[in-house]
Amino acid sequence: MLSLMQTRPLMISSIIKHAALNHATTEIVSRTVEDTIHRISYAAIEVRMRRLVRVLQRLGVQQGDRVGTLAWNGFRHLELYYAAPGMGAIFHTINPRLGTDDIAFIIEDAGDAVLFAETSFVGLIEALAPRTAVRHIVMMTDPANMPEVKLAPNQTLHCYETLMAAADEDYEWPEFDELTAAGLCYTSGTTGRPKGVLYSHRSTLLHAFAVTLPDTFGLRSADRVLPVVPMFHVNAWGLPFAAPMVGAALVMAGRHLDGASLASLMNSERVTFSAGVPTIWLGLLQHLRASGARLDTVKSLVIGGSACPPMLIDVFASEYGVRVDHAWGMTEMSPVGTYNKPKAGEEVLSAAEQRQRRLGQGRPLFGVEMKIVDDTGATLPRDGIAFGNLMVRGHWVCQRYYGDNASGGADESGWFATGDVATLDADGFMTITDRSKDVVKSGGEWISSITLENIAVAHPSVAEAAIIAAHHPKWDERPLLLVVPKSGMTIDPAELLASYAGHVPKWWLPDGVLVVPELPHTATGKLNKLALRTQYGQHFLNNAAE
Ligand code: AMP
């Protein structure tokens, strides 16, 4: 017997309709490319989003078309996040930090119908113009700040606010199948071409529901949310949907993500909650320490995207009274998969045991299932010790990649291989021990690069650390540690290695330490281990030969 309850489709537009009605005066604050502060309410932005649908229609965008964006976090980007899916088209966020070749590939692979770009990307747009079939390029600014852009003869340049001024706001948000594609984001894999992950209205809404829950972001209408994670990187972890869903204010940082800019925005806009990758918070911490500045209103920060250095959790709590939560996810998971908050019953654990728990990646959200398997696919025990390939499935996990020729994706039962190596324990806590391609395989035994990096970063002179699996004549691979000293400090390799004593088995100790001025990062701010392996992968072989 079927139920007699209503089945309304889960529409992205319903989020902004709700915010406009029930949190009408709550604001979205944006630091613009012109370095001004722009304020708009949920009620006013919802009207502009409807106007933007008319603009998209005038540019020829139809249901199912992809609308590309090259933009920072800001109100116009948010408008596109809702207008495109609201009319049945797809917002396609493009990471401007990728190389021009990759961006050109992504735009063509996605088949973007129009491209919206921030004025800070004029050079990039001019480089891309002759290489894309995109006919309409819209600069996300007003007439006063409209730049000159050299395009191909068949391309037309538009000004966002000029188009908006000429459009009506008479549009009414339609309802359609919740499985309709809503957003497209390419993974920034360090090997091979990026692959597109195509989110639905349903997956986006369910993810937004899940991340707002108390044991996840725990957002409330009283919060003022600063997503430092870019809107071009997995939908800024769902915050542009989660914040209006609960009526929290959004603070958008624009292009300046250095410690000083973030600290001043956090204090002037009374930010309570923020989210970003470790590199961002290391930068903020350095600024706070050097300047003596405080964080007046921030209560919690979420760290994800890479393993959170334990030092960040400790120092933000003890010196600044800010709780740091560790989260894990990936583009293919919309992105949040696990979140690390205490669980009932933890009070009986010692302080050291509780802290140890906080360092892992946390427990799966309802809606995400996990298992670990060995190389034959056999499921491994949830004992917190065995580690294996992490598999996931759930309501906001990718089934297959975008495009007719795309390979990879989940198996028939929905299990998706994350490429991460992890342990699971009986309480549901997951700890990543490595990327499957970064793990150090020493004489057939696995050494976790993340564990070794965390110990190095805890040393007072170390700003950043990377472990790579370098080829070794006897053991096949051995860990090589690369470290960047904090400014004005020096690192003594022997003393640094001595700090590993008691933390890991002796055979895990790095066989070499190289002090370097900086480490390479990928376009999403992660350590670029591929580049490091190319440069230093032969280190032990070369040194053995000398
Ligand atoms: P991306 O799709 O670019 O977000 O990358 C996803 C990958 O980032 C995951 O598969 C992990 O390897 C890594 N990652 C994300 N969050 C964490 C975390 N908290 N700890 C360790 N690795 C992480």
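Residues numbered from 1 in each chain as written. Predicted model: local features only at pLDDT ≥ 70, side-chain atom pairs only at ≥ 80, totals over all residues. Heavy atoms only, no water.

The next thing to look at is the packing of helix α9 (residues 259-268) against helix α10 (residues 278-291). Two elements in contact, α9 and α10, have axes whose closest approach is 8 Å; the angle formed by their N-to-C orientations is 80°. As summarised for this structure, α9 and α10 are arranged roughly perpendicular, according to the angle between their axes. Within the contact between the two elements, α9 uses Gly-259, Ala-260, Leu-262, Ala-263 and Met-266 and α10 uses Ile-280, Trp-281, Gly-283, Leu-284, His-287 and Leu-288. (Axes fitted to C-alpha atoms, helices over the stretch in contact; angles between N-to-C directions. Helix = DSSP H or I, 4+ residues; strand = E, 2+ residues; numbered from the N terminus. Parallel < 35°, antiparallel > 145°, perpendicular 65-115°, else oblique. Contact = heavy atoms within 4.5 Å.)

Inspection of every chain in the model, using the stated rule, returns 27 salt bridges. Across the pair Glu-46 and Arg-50 runs a salt bridge, and its minimum N-O distance is 3.0 Å. One end of the pair, Glu-46, and the other, Arg-50, are both in helix α2 (residues 42-58), four residues apart, so they sit about a helical turn from each other. Taking relative accessible area as the criterion, Glu-46 reaches 8% and is therefore assigned buried. What makes Arg-50 buried here is its relative accessible area of 18%. Put simply, Glu-79 and Arg-48 hold a salt bridge, and the shortest N to O gap is 2.6 Å. Residue Glu-79 is found in helix α3 (residues 75-86), and its partner Arg-48 is found in helix α2; the two are separated by 31 residues along the sequence. The network of salt bridges with shared partners includes Lys-343, Glu-346, Arg-357, Arg-358 and Asp-427. (Salt bridge = Lys/Arg side-chain N within 4 Å of Asp/Glu carboxyl O. Buried < 20%, exposed > 50% of the residue type's maximum accessible area, 1.4 Å probe, protein only.)

We now examine helix α12 (residues 351-359). Looking only at α12, the buried set comprises Arg-357, Arg-358 and Leu-359. Residues of α12 that are buried sit in contact with α11 (310-320), β14 (323-329) and β15 (336-340).

This paragraph deals with the sheet that holds strand β4 (residues 90-93). The mixed open sheet is built from seven strands, whose spatial order is β7-β6-β5-β3-β4-β8-β9. A single partner strand is all that each edge strand has here, and the edge strands are β7 (156-159) and β9 (196-200). Strand after strand, the sheet turns through a mean of 25° between neighbouring axes, direction not considered. Packing of α3 onto the sheet brings it into contact with β3 (66-70), β4, β5 (112-117) and β8 (181-186), and relative to β4 it is tilted by some 145°. (Pairing = 2+ DSSP bridges.)

Ser-334 connects to Pro-335 through a cis peptide bond whose omega is 10°. By secondary structure assignment, the location of Pro-335 is in the loop between β14 and β15. One non-glycine residue, Ser-334, lies in positive phi territory at about 75°. By the secondary structure assignment, Ser-334 is in the loop between β14 and β15.

Moving on, we come to the packing of helix α1 (residues 12-22) against helix α7 (residues 201-212). For any two helices packed against each other, one specifies the inter-axial angle together with the distance between the axes. Between α1 and α7, the least distance of the axes is 8 Å, while the angle of their chain directions is 45°. As far as their axial angle goes, α7 and α1 are oblique. Residues Ile-12, Ser-14 and Ile-15 of α1 lie in contact with α7, whose contacting residues are His-201, Thr-204 and Leu-205. Classifying every residue of the contact of α1 with α7 by side-chain character gives three nonpolar, three polar and no charged. (Nonpolar A, V, L, I, M, F, W, Y, C, P; charged D, E, K, R; others polar.)

What follows concerns the site of the ligand. Around the ligand sit 15 residues, and of these Ala-327, Thr-331, Asp-420, Arg-435 and Lys-526 come closest. Within the side chain of Gln-361, one N or O atom sits 2.9 Å away from a nitrogen atom of the ligand. In the environment of the ligand, an oxygen atom lies 2.7 Å from a nitrogen or oxygen atom belonging to the side chain of Lys-526. Protein chains bury 91% of the 500 Å² of accessible surface belonging to the ligand in isolation. (Near = heavy atom within 4 Å. Polar contact = N/O pair within 3.5 Å; in protein donor to acceptor, adjacent residues only side chain to side chain. Areas by Shrake-Rupley, 256 points an atom, 1.4 Å probe, with all protein chains shown as cover.)

Turning our eyes to something else, we now look at the nonpolar core. Core analysis: the largest hydrophobic core is formed by 139 residues, its most contacted members being Phe-116, Phe-217, Trp-281 and Phe-316. If near-sequence neighbours (up to four positions away) are discounted, Phe-217 is found in contact with Val-211, Trp-237, Leu-239, Phe-273, Val-302, Val-336, Tyr-339 and Lys-341. Among the nonpolar cores identified, the runner-up in size contains 28 residues, and Ile-103, Ala-110, Val-149 and Tyr-402 belong to it. (Core = buried A, V, L, I, M, F, W, Y, C linked by side-chain atoms within 4.5 Å.)

For Arg-355, the position within the fold is in helix α12. Residues Arg-355 and Asp-314, spaced 41 residues apart in sequence, show a C-alpha to C-alpha distance of 8.9 Å. Apart from residues lying up to four places away in sequence, Arg-355 is in contact with Pro-310 and Asp-314.

What follows deals with the environment of Val-277. Within the secondary structure, Val-277 is located in the loop between β12 (273-276) and α10. Here Val-277 falls in the buried class, since its relative accessible area comes to 10%. Remark: the alpha-carbon pair of Val-277 and Phe-209, spanning 68 residues in sequence, is separated by 22 Å. If near-sequence neighbours (up to four positions away) are discounted, Val-277 is found in contact with Trp-237, Gly-304, Gly-305 and Thr-524.

For the protein chain, the assigned domains are domain 1 (15-32 + 42-200) and domain 2 (438-545). Once you take the C-alpha centre of each, domain 1 and domain 2 turn out to be 41 Å apart. (Domains from an automatic or database assignment.)

With twelve residues, α7 extends 17 Å from end C-alpha to end C-alpha; this agrees with the ideal 16 Å at 1.5 Å per step. Among the twelve residues that make up α7, nine are buried, leaving the element largely enclosed by the rest of the structure. All of the buried residues in α7 are His-201, Ser-203, Thr-204, Leu-205, His-207, Ala-208, Ala-210, Val-211 and Thr-212. At its buried positions, α7 is contacted by α1, α3, β8, β9, α8 (239-246) and β15. (Expected span 1.5 Å × (residues − 1).)

Using the criterion set out here, one finds 13 aromatic pairs in the structure. Seen from their ring centres, Trp-507 and Trp-508 are 6.1 Å apart, and the 75° between their planes marks the pair as edge-to-face. You can call Trp-507 partly exposed: its relative accessible area is 37%. Residue Trp-508 is classed as buried on the basis of its relative accessible area, which comes to 13%. (Phe/Tyr/Trp six-rings, centres within 6.5 Å; stacked < 30°, edge-to-face > 60°.)

With that settled, the discussion passes to the sheet that holds strand β18 (residues 388-394). Through backbone hydrogen bonds, the strands of a sheet pair up, either in parallel or in antiparallel fashion. Strand order in the open sheet made by the four strands is β17-β18-β19-β20, with antiparallel pairing throughout. Each end of this open sheet is capped by a strand with a single partner; those strands are β17 (368-373) and β20 (430-435). For this sheet, the mean inter-axis angle between neighbouring strands, taken without regard to orientation, is 50°. As paired elements, strand β19 (residues 416-424) and β20 share five bridges and run antiparallel to each other. When the bridges of β20 are listed, Ala-422 appears paired with Ile-432.

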